[in-house]
Amino acid sequence: MSEKEKYFSAKRITGLAVLLALVVVLQIWGGTIKIGATSLSFVLVPIVLGAIMLGAGAGAFLGLAFGIIVLIYGVTGADFFTSVLFTEHPIITLVLCLGKGAAAGAAAGGMYRLCRKKSDLCGVFAAAATAPVVNTSLFILGALLMSGTLSVHFVTEGSSVIYFLVIGCAGWNFVAEFAINLLLAPAIYTVARVAGKSFGK
């Protein structure tokens, strides 16, 4: 079997489909749990798992799916924060929603590949830590491009956009996502070891 056939094998595609279903379910379910203006991203867990088992490309694909769901919530008005940003800055919001998720998945896969040379477990923890860091960092950077909109709709008098983003909006969210990913890293490691051979890892 060639490398291309191995990469697109039925088992790998099935594994990706299962992880994609998890991304959809966890993002829809997680969207109901808010910290500040944003929702918790439990969805980063299957994204990291996909990046570890199937590579950075799969991580980017799963992250993109996550971003599409966030964008749909914004376009339909289901998420007020994203809806306001999309209404006033549709292109930036589109790029931000899709880009940060895809980048987080790809970065997790790349970090795992780099750090697994030391040990698989080290690679898993590095990947688990990388995803929320990249996701939150890009969110803050992208949101700063829309600081005027944030000031009008979300920032209270006497506060600042930076404080709102880092503390009130992304801060506690990031801490929760980071902790969830690291706490679940041993489980991710176990699943990756068991499933890795089946997916042609």
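My aim in this report is to walk through the structure given alongside it, one point at a time. (Residues numbered from 1 in each chain as written. Predicted model: local features only at pLDDT ≥ 70, side-chain atom pairs only at ≥ 80, totals over all residues. Heavy atoms only, no water.)

Some remarks on a nonpolar patch on the surface
Then, in step 1: Together, Leu141, Leu144, Ile162, Tyr163, Val166, Ile167, Trp172 and Val175 make up an exposed nonpolar region whose accessible area comes to about 780 Å².
Then, in step 2: Those elements that provide at least two residues to the nonpolar patch are helix 7 (120–144), helix 9 (161–169) and helix 10 (171–196).
Then, in step 3: In terms of residue count, the dominant contributor to the nonpolar patch is helix 9 (four residues).
Then, in step 4: With respect to the element layout, Ile167 can be found in helix 9. (Patch = residues over 30% accessible without salt bridge, like charges linked within 9 Å, V, L, I, M, F, W, Y side chains within 5 Å. Areas by Shrake-Rupley, 256 points an atom, 1.4 Å probe, with all protein chains shown as cover. Salt bridge = Lys/Arg side-chain N within 4 Å of Asp/Glu carboxyl O. Helix = DSSP H or I, 4+ residues; strand = E, 2+ residues; numbered from the N terminus.)

Some thoughts on the environment of Tyr189
Then, in step 1: With respect to the element layout, Tyr189 can be found in helix 10.
Then, in step 2: For the pair Tyr189 and Gly123, spaced 66 residues apart in sequence, the C-alpha separation works out to 9.1 Å.
Then, in step 3: Here Tyr189 is in contact with Asp120, Leu121 and Val124, once residues within four sequence places are set aside. (Contact = heavy atoms within 4.5 Å.)

Quick word on the packing of helix 3 (residues 44–54) against helix 7
Then, in step 1: One way to put it is that helix 3 packs onto helix 7 with a least axis distance of 10 Å and a crossing angle of 130°. It follows from the interaxial angle that helix 3 and helix 7 lie oblique. For the element pair helix 3 and helix 7, the recorded crossing hand is right-handed. Where helix 3 abuts helix 7, its residues Leu44, Val48 and Ile52 lie against Val124, Ala127, Ala128, Ala131, Pro132 and Asn135.
Then, in step 2: Within the contact of helix 3 with helix 7, the residues separate by chemical class into eight nonpolar, one polar and no charged. (Axes fitted to C-alpha atoms, helices over the stretch in contact; angles between N-to-C directions. Parallel < 35°, antiparallel > 145°, perpendicular 65-115°, else oblique. Left-handed = near helix turned anticlockwise from the far one by under 90°. Nonpolar A, V, L, I, M, F, W, Y, C, P; charged D, E, K, R; others polar.)

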